[in-house]
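Letter by letter, the chains look like this.
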Amino acid sequence: MWIASAEHSRALDRRTSDFYGIPARVLMERAGLAVFQAVRDLLPNEGKLTICCGKGNNGGDGFVVARLAQEVGYHVECLVSTDEFALTNTACEQMQVARAQGVPMVFCDDARWIKRLESLGTRDLIVDALLGTGAKQEVKGTVLTMISLINRSGVPVVAVDVPSGIDCDTGEELGESVWALRTVTFGLPKPFLFQGLGLEHAGYWTVSEIGIPSVLLQEATQARLVARDWVANLLPERLRASHKNENGHLLIVAGSDRMRGAAIMAARSAFRSGVGLVTVASTDKVCDAVAANVPEALLLPLHTVDGVISPDNLEAILSAGDRCHAAVFGPGISTTAPVVDLLARIWESWTKPCVIDADAITIASQGVPLPISDCVLTPHPGEMGRLLHSSVAEVQCDRFTAVTQAVYALERTVLLKGPYTIVGEPDTPMMVNHTGNPGLASAGMGDVLSGVIGTLLAQDLPSYDAACCGMFWHGLAGDLCAEEIGPIGYSAMDVANALPKARARMVSACDQNLD
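Residues numbered from 1 in each chain as written. Predicted model: local features only at pLDDT ≥ 70, side-chain atom pairs only at ≥ 80, totals over all residues. Heavy atoms only, no water.

Participant: Go over the overall build of the protein chain with me, naming the residues and quoting the values.
Facilitator: The secondary structure content of the protein chain amounts to 20 helices and 20 strands. Dimensions along the principal axes, computed over C-alpha positions, put the protein chain at roughly 80 × 50 × 45 Å. Counting across all 515 residues of the protein chain, residues that qualify as buried make up 58%. For the protein chain, contacts bridging at least 24 residues in sequence account for 71% of all contacts bridging at least 6. (Helix = DSSP H or I, 4+ residues; strand = E, 2+ residues; numbered from the N terminus. Buried < 20%, exposed > 50% of the residue type's maximum accessible area, 1.4 Å probe, protein only. Contact = heavy atoms within 4.5 Å.)

Participant: An account of the sheet that holds strand β2 (residues 48–53) is requested, with residue identities and associated values reported.
Facilitator: Taken in spatial order, the 7 strands line up as β4-β3-β2-β5-β6-β7-β8 in an open sheet, and their pairing is parallel. In this open sheet, the two edge strands, each paired with only one partner strand, are β4 (105–107) and β8 (204–208). When the angles between neighbouring strand axes are averaged without regard to direction, this sheet yields 20°. Bridging between strand β5 (residues 125–129) and strand β6 (residues 157–160) involves 3 bridges; their strand directions are parallel. If you follow Ile 126 over to β6, its bridge partner there is Val 157. Where helix α2 (residues 24–42) meets the sheet, it contacts β2, β5, β6, β7 (182–186) and β8, and its direction lies at approximately 160° from that of β7. (Pairing = 2+ DSSP bridges. Axes fitted to C-alpha atoms, helices over the stretch in contact; angles between N-to-C directions.)

Participant: Tell me about the packing of aromatic side chains, and name the residues and values.
Facilitator: For the coordinates displayed, the defined rule picks out 5 aromatic pairs. Consider the rings of Phe 194 and Trp 205, whose centres lie 5.7 Å apart with planes at 90°: the pair is edge-to-face. With Phe 194 in the loop between β7 and α7 (198–201) and Trp 205 in strand β8, this residue pair connects regions lying 11 residues apart in the sequence. Per residue, the accessibility class of Phe 194 equals that of Trp 205, and both read buried. (Phe/Tyr/Trp six-rings, centres within 6.5 Å; stacked < 30°, edge-to-face > 60°.)

Participant: Break down the pattern of salt bridges for me, citing the residues and quoting the values.
Facilitator: Tallying each qualifying case throughout the model produces 13 salt bridges. Where Glu 77 meets Arg 116, a salt bridge forms, and the shortest distance between an N and an O atom there is 3.2 Å. With Glu 77 in strand β3 (residues 75–80) and Arg 116 in helix α5 (residues 113–118), the pair connects residues that are 39 residues apart, well separated along the chain. Here Arg 116 falls in the partly exposed class, since its relative accessible area comes to 30%. Asp 161 is the partner of Lys 190 in a salt bridge, and the nearest nitrogen-oxygen pair spans 3.3 Å. Note that Lys 190 is positioned in the loop between β7 and α7 and Asp 161 in the loop between β6 and β7, a separation of 29 residues in sequence. The network of salt bridges with common partners includes Glu 29, Arg 67 and Glu 71. (Salt bridge = Lys/Arg side-chain N within 4 Å of Asp/Glu carboxyl O.)

Participant: Please give an account of the sheet that holds strand β16 (residues 354–356) that cites residues and values.
Facilitator: Across the sheet, which stays open at both edges, the 11 strands sit in the order β1-β9-β20-β19-β18-β17-β16-β15-β10-β11-β12 with mixed pairing between neighbours. Pairing within the sheet leaves two strands with one partner each, and these edge strands are β1 (2–3) and β12 (298–301). Its contacts with the sheet place helix α11 (residues 284–293) against β11 (277–282) and β12, and it is angled at close to 165° to β12.

Participant: How would you explain unusual backbone geometry if you had to name every residue and give the values?
Facilitator: One non-glycine residue with positive phi stands out, namely Asp 306, at about 55°. Note on placement: Asp 306 falls in the loop between β13 (304–305) and β14 (308–309). Positive phi, normally seen in glycine, also occurs at Ser 334, with a value near 85°. The topology assignment puts Ser 334 in the loop between β15 (326–329) and α13 (337–349). Overall, the relative accessible area of 14% leaves Ser 334 in the buried class.

Participant: Describe a nonpolar patch on the surface, naming the residues involved and giving the relevant values.
Facilitator: Together, Phe 19, Tyr 20 and Val 215 give the surface a local cluster of nonpolar side chains, amounting to about 340 Å² of exposed area. Mapped onto the fold, Tyr 20 is located in helix α1 (residues 6–20). Accessibility expressed as a relative area gives 41% for Tyr 20, which makes it partly exposed. (Patch = residues over 30% accessible without salt bridge, like charges linked within 9 Å, V, L, I, M, F, W, Y side chains within 5 Å. Areas by Shrake-Rupley, 256 points an atom, 1.4 Å probe, with all protein chains shown as cover.)

Participant: Now, about helix α19 (residues 463–484): what can you tell me, with residues and values included?
Facilitator: Quick reminder: α-helices carry 3.6 residues per turn. Residues three or four places apart thus point the same way. A rise of 1.5 Å per residue sets the reference length of α19, with its 22 residues, at 32 Å; its end C-alpha atoms lie 31 Å apart and thus fit the reference within 8%. Across the 22 residues that make up α19, a large majority, 20, are buried. Of the residues flanking the end of α19, it is Gly 486, one or two places downstream, whose phi is positive at about 145°. (Expected span 1.5 Å × (residues − 1).)

Participant: Hey, could you go over the environment of Ala 227 for me, with residue numbers and the actual values?
Facilitator: One can find Ala 227 in the loop between β9 (223–225) and α9 (228–234). Overall, the relative accessible area of 36% leaves Ala 227 in the partly exposed class. Sequence separation between Ala 227 and His 434 is 207 residues, and the spatial gap between their C-alpha atoms is 9.0 Å.

Participant: Quick rundown of the side chain of Gln 94? Include the residues and the values.
Facilitator: Assignment of secondary structure puts Gln 94 in helix α4 (residues 89–100). Contact partners of Gln 94, with chain neighbours within four places excluded, come to Arg 25, Met 28, Glu 29, Gly 60, Phe 63, Val 64 and Arg 67.

Participant: Before we move on, could you go through the environment of Met 445 and cite the residues and values that matter?
Facilitator: Examined against the element boundaries, Met 445 turns out to sit in helix α18 (residues 445–458). In sequence terms Met 445 and Gly 478 are 33 residues apart; their C-alpha atoms lie 9.3 Å from each other. Residues contacting Met 445, with those up to four places away along its chain left out, are Gly 439, Leu 440, His 474, Tyr 490, Ser 491, Ala 492 and Val 495.

Participant: Explain the packing of α18 against α19 to me, using residue names and the numbers behind them.
Facilitator: Here α18 crosses α19 at 135°, and the two axes come no closer than 8 Å. Relative to α19, α18 is oriented oblique. The crossing of α18 and α19 is right-handed. Of α19, the residues touching α18 (which contributes Met 445, Val 448, Leu 449, Val 452, Ile 453, Leu 456 and Leu 457) are Ser 463, Ala 466, Ala 467, Cys 469, Gly 470, Met 471, Trp 473 and His 474. For the contact of α18 with α19, the residue count by class is 12 nonpolar, 3 polar and no charged. (Parallel < 35°, antiparallel > 145°, perpendicular 65-115°, else oblique. Left-handed = near helix turned anticlockwise from the far one by under 90°. Nonpolar A, V, L, I, M, F, W, Y, C, P; charged D, E, K, R; others polar.)

Participant: Explain the pairing of strand β18 (residues 413–416) to me, using residue names and the numbers behind them.
Facilitator: Neither face of β18 is open: one carries Thr 413 and Leu 415, the other Val 414 and Leu 416, and all of them are buried. Strand direction decides the pairing type here: strand β17 (residues 375–377) and β18, joined by 2 bridges, are parallel. Residue pairing in the sheet places Leu 377 in a bridge with Val 414 of β18. Sheet topology places β18 next to strand β19 (residues 422–425); 3 bridges connect them, and they run antiparallel. When the bridges of β19 are listed, Leu 415 appears paired with Val 423. Where β18 folds back onto β19 in an antiparallel hairpin, the turn is made up of 5 residues, including Gly 418, whose phi is positive at roughly 135°.

Right, here's the structure in full:
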């Protein structure tokens, strides 16, 4: 499913009317019906419902909801942020139909308006239809007053298309915004659902079809959601007669005496992802820890200086690389001068696909040239800020733009971690992940992800496909842990151990769809 910006969404509505002959009022009717279904899900028995409407199409959708609710016995009222004469033509038309059906209309120039707003806490449910996808300026005046009192009411809110006060494209708050329990967006998902305050304020969201022709919905945009079937079809199959070396040999250059767990997590997740062989190259203490926790791994103990890998290990690592199909560089390796020197020298001649993670990303941000081979960089927002020489706030305020900037600056595949992880590659639409949950915000989860992606690279998936499949698979394993252990408190090792079951679920679902 493609992700539509505000501009693209408006173009879809316009082209639906201009080229396919579907009037705007029909789209509005379908949108209102979709929101009304959400109302009935949350408030199945007729209760007290307040619709907060603006002057434009979003408000028109709200008037449709009010009319439909009135018809089946809800106690409905509409509070409108403007006076009657400021409504757009389509919104005014829907308002008049709703009023003719007996829906009370209270406009902002009515003396009762503020009293009704202040008594919102007595209602059972609120529908937010104040501002639509076109809102870009800081909210003020009556709209600001309504948003503030909606949030103070403590009453559940269903938002129409986008919570009012949220920028559709960036997810940033325009001064103040509605906290919704549920958001019903139309046609295609919007960027605000995946970043900024929008991802929090949207609550549980769904996408509803409102009559936009499918040919328009299938047009490419800058980003799309990863599909389970697409991932399942890309995952390498294990042939019956295959040898372990034919299933990928992954070199993991990771860890230091103070950070021994990272290499363990990466190695464990690589085996759980189905790699044939893993070689861990690190300090003696890290190798001992790996041997105790991942006995399947091959070990390459390296010379050390002050507890980190020494630069004089260059030939040993390059020789090990000759026997491997891909590598992971960086988890727990440190950013001290010896490691910087070592990675700079390794990357000068490295030709195998690789994951650049954690400390290796920080080293790359300091100007050390990346390998010429296929690379997947997996920064969290702080590391992305270092790569782009910007702040975490600047990265997070528009994650799509940050990925685009990094992709074209580095000319590599970039995976920006976080809720709704994003993968980008030059001249390719971004992919947005929808698996995963807040329990993944815990130590070691990134090391597990690097092991998954490293495995897929070792099994000959291109960097973009490996990153997209890896993030979906990793997130699904986290979802299984949340189901079986609990939403918070499961560990990175739990996620690594859930990878085989997550893969089986993906493949099984794909097979059922084919049947």
